[in-house]
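# A look at the structure
If you want the building blocks of each chain, they are given just below.
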Amino acid sequence: MIYSMKTIELKEFLPLQPNYPQVAPTDEYYCSVANMLASIWEKGETFKLIPDSVARRVSFCLTGYLQDIISDAGIWRSFINGCKKLYGFYVPFHVESEDYVEYELNREDVRFLVWYAVAMNYEDMRDLYPHDAGLLAYADMLYDYLESIYEESPVPEEYNIARGLDLYDENDKEEIYHLGRWLSLHCYLMTPAFALTLREIISDPEIMKDKDYILLQKRLDAAVTEDPTGPLALFIPEWIRLIVEDKLPSESHDEGKENHPYYDRFVKATDGKEIAFFPTYKDLNDFFINSLGWEANQEHLPMMKSEKDFVALVNRRKGMLVARNVAKCIASPDNPYYDRDFASKNAIRMLTERGFCPADLVKYCFKHGYIRDASFPGSDGDTELVSKNWDLIARCYLQEYYRD
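It should be emphasised that the depicted structure is a prediction, and the values quoted were computed from it without experimental measurement. (Residues numbered from 1 in each chain as written. Predicted model: local features only at pLDDT ≥ 70, side-chain atom pairs only at ≥ 80, totals over all residues. Heavy atoms only, no water.)

Attention now moves to the overall build of the protein chain. The secondary structure content of the protein chain amounts to 17 helices and three strands. Relative to the globule expectation of 22 Å for 404 residues, the C-alpha radius of gyration of the protein chain, 23 Å, shows essentially globular dimensions. Based on the C-alpha atoms only, the size of the protein chain along its principal axes is roughly 75 × 50 × 50 Å. Relative to its full complement of 404 residues, the protein chain shows a buried share of 52%. Sequence separation of 24 or more characterises 67% of the internal contacts of the protein chain that already satisfy a separation of 6 or more. Per element, the accessible surface of the protein chain, about 19,700 Å² overall, is 48% carbon and sulfur. Once the 44 positive and 69 negative side-chain charges of the protein chain are each reduced to a mean point, those two points are 6 Å apart. (Helix = DSSP H or I, 4+ residues; strand = E, 2+ residues; numbered from the N terminus. Rg over C-alpha atoms; globule rule 2.2 N^0.38 Å. Buried < 20%, exposed > 50% of the residue type's maximum accessible area, 1.4 Å probe, protein only. Contact = heavy atoms within 4.5 Å. Areas by Shrake-Rupley, 256 points an atom, 1.4 Å probe, with all protein chains shown as cover. Lys, Arg positive; Asp, Glu negative; His and termini not counted. Charge placed at Lys NZ, Arg CZ, Asp CG, Glu CD.)

We now examine helix α12 (residues 261-269). For α12, the full list of buried residues reads Tyr263, Phe266 and Val267. Taken end-on, α12 shows its buried residues confined to a sector of 90°, consistent with a single buried face. Projecting away from the buried face of α12 at angles above 90 degrees are the exposed residues Pro261 and Lys268. If you follow the buried residues of α12, they end up packed against β1 (275-278), α13 (281-290), β2 (310-315) and β3 (319-323). (Arc of directions from axis to C-beta.)

Now for the packing of aromatic side chains. Under the defined criterion, the tally for this structure stands at 18 aromatic pairs. Relative to Tyr397, the ring of Trp115 lies with its centre 6.1 Å away and its plane at 70°, an arrangement referred to as edge-to-face. On the criterion of sequence distance, the pair formed by Trp115 in helix α5 (residues 107-121) and Tyr397 in helix α17 (residues 383-398) is long-range, its members being 282 residues apart. Each of the two residues, Trp115 as well as Tyr397, counts as buried. Taken together, the ring pairs connect Tyr65, Trp76, Phe79, Phe93, Phe112, Trp115, Tyr116 and Tyr397 into an aromatic cluster. Lys84 extends its terminal NZ or CZ atom over the ring of Tyr90, reaching a point 4.8 Å from the ring centre. One residue, Lys363, lies across the ring of Tyr402, its end atom 4.6 Å from the ring centre. (Phe/Tyr/Trp six-rings, centres within 6.5 Å; stacked < 30°, edge-to-face > 60°. Lys NZ or Arg CZ within 6 Å of the ring centre and 35° of its normal.)

Structurally, the position occupied by Arg111 is in helix α5. Taking C-alpha positions, Arg111 is 18 Å from Ile149, a pair spaced 38 residues apart along the chain. Residues in contact with Arg111, not counting those within four places in the same chain, are His94, Leu136, Ala139 and Asp140.

Right, let's talk about the packing of helix α8 (residues 191-202) against helix α10 (residues 214-226) for a bit. Close contact between α8 and α10 brings their axes to 10 Å; oriented N to C, the two are set at 155°. Overall, the two elements α8 and α10 adopt an arrangement that is roughly antiparallel. The crossing of α8 and α10 is right-handed. The residues of α10 that touch α8, namely those facing Phe194, Thr197, Leu198, Ile201 and Ile202, are Leu216, Arg219, Leu220, Ala223 and Val224. In terms of residue class, the contact of α8 with α10 is made up of eight nonpolar, one polar and one charged. (Axes fitted to C-alpha atoms, helices over the stretch in contact; angles between N-to-C directions. Parallel < 35°, antiparallel > 145°, perpendicular 65-115°, else oblique. Left-handed = near helix turned anticlockwise from the far one by under 90°. Nonpolar A, V, L, I, M, F, W, Y, C, P; charged D, E, K, R; others polar.)

All right, on to the environment of Val314 then. Along the chain, Val314 falls in strand β2. Exposure remark for Val314: the relative accessible area of 3% places this residue in the buried category. For the pair Val314 and Glu274, spaced 40 residues apart in sequence, the C-alpha to C-alpha distance is 5.3 Å.

A word on the pattern of salt bridges. Tallying each qualifying case throughout the model produces 24 salt bridges. For the salt bridge of Asp144 with Arg107, the shortest nitrogen-to-oxygen distance reads 3.7 Å. Residue Asp144 is located in helix α6 (residues 133-150), and its partner Arg107 is located in helix α5; the two are separated by 37 residues in the primary sequence. Between Glu157 and Arg163 there is a salt bridge; the shortest N-O distance is 3.5 Å. The class for Arg163 is exposed, based on a relative accessible area of 52%. Put simply, Arg107, Arg111, Asp140 and Asp144 are held in one network by salt bridges that share partners. (Salt bridge = Lys/Arg side-chain N within 4 Å of Asp/Glu carboxyl O.)

Turning our eyes to something else, we now look at the pairing of β2. Burial within β2 is extensive, with five of its six residues counted as buried. Here β1 runs beside β2; their pairing, made up of four bridges, is antiparallel. If you follow Phe277 over to β2, its bridge partner there is Val311. In the sheet, β2 pairs with β3 via five bridges, with the strands oriented antiparallel. Across the sheet, residue Val314 finds its bridge partner in β3, namely Met320. Joining the antiparallel neighbours β2 and β3 is a turn of three residues. (Pairing = 2+ DSSP bridges.)

Take the environment of Leu16 next. Its place among the elements puts Leu16 in the loop between α1 (10-13) and α2 (27-40). Once residues lying within four places of it in the same chain are set aside, the contact partners of Leu16 are Phe60, Trp182 and His186.

Residue Pro21 follows Tyr20 across a cis peptide bond; omega there is 15°. Structurally, Pro21 can be placed in the loop between α1 and α2. The phi dihedral of Phe93 falls on the positive side, at around 75°, and the residue is not glycine. Its identity is not glycine, yet Asp271 carries a phi of approximately 55°, on the positive side. Structurally, Asp271 is set in the loop between α12 and β1. According to the relative accessible area criterion, Asp271 is exposed, its value standing at 71%.

Structure below.
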């Protein structure tokens, strides 16, 4: 089915602007940019098959990016600076060319943002390979248009709502609150990732049974104010600090605490290993009883009886976690149940499917090099892209499941 594009009207565009409900002198111009970007979608062979609503999301995302870099609002700057500090590169998935200029219009930026907007907003392309040939061709057409208007586009002064803010000045409290709400609900860089959270919320059977949608509203409010968001899965106060002060949140380490009671028993039973593998529930339950000292003649964690391929991981501070149906993905030298064929099809789910694998196990396995076969569908086994970008991929897709 080929969809037809409807014109993006100004009344649809304005609520995405940080100065809404006021109208800025440049709003009509950038609404016309959004329409031009949306019209290019119809030329992109593979991508003309995506719904109108997704193409509009792509155009809104790229229009916001253009407004951001022209006004030097600092949102894109904060993202690529954060990537540089976390990973050593500015743009995920793409090697910056010699022509790459930080904080200005770049082909690599547009390619990433098009992948991000499509994969987060369109269920049928949720596992879209970031180097998909059709995707890159579509992104390059969009970039060519943006480049053609880049020098002549007016500066949207109202877009730079973080300029001059002092996070420690009481007089700026109201502006900081407004910035946080806008980032959560309307910012081009945050809303694609929130689309996955929104889809999860509205598909919850308990929420759908609530005819008055009270639970839905509560969960939406909580997601906006309490959950991480954006491609780095930062909490809104963390995004604001990164935008205003160029500071990422620091990792916390509770080195002063004593070992969790399970830790010493676990590593004693596994000859010092912090990870163990069990093909069946019986094997797992026997480990609980014989190695950890849990009550004998009991079926522990009975909700897992019908599952298989278990992994248990212990942490000095947090204790133990158990994951199911994932052992075949993990190429640990101590895992006799690793299955390369299974892993090549399913290991990417550890990064893209919420609830498939606990975050601590994801981090442990990737940091130790135990996930060798994860690749996006249709990538011809491009494991290098995943091994270089696994943390960013997990942040994008898993959000609050990855950063609690």
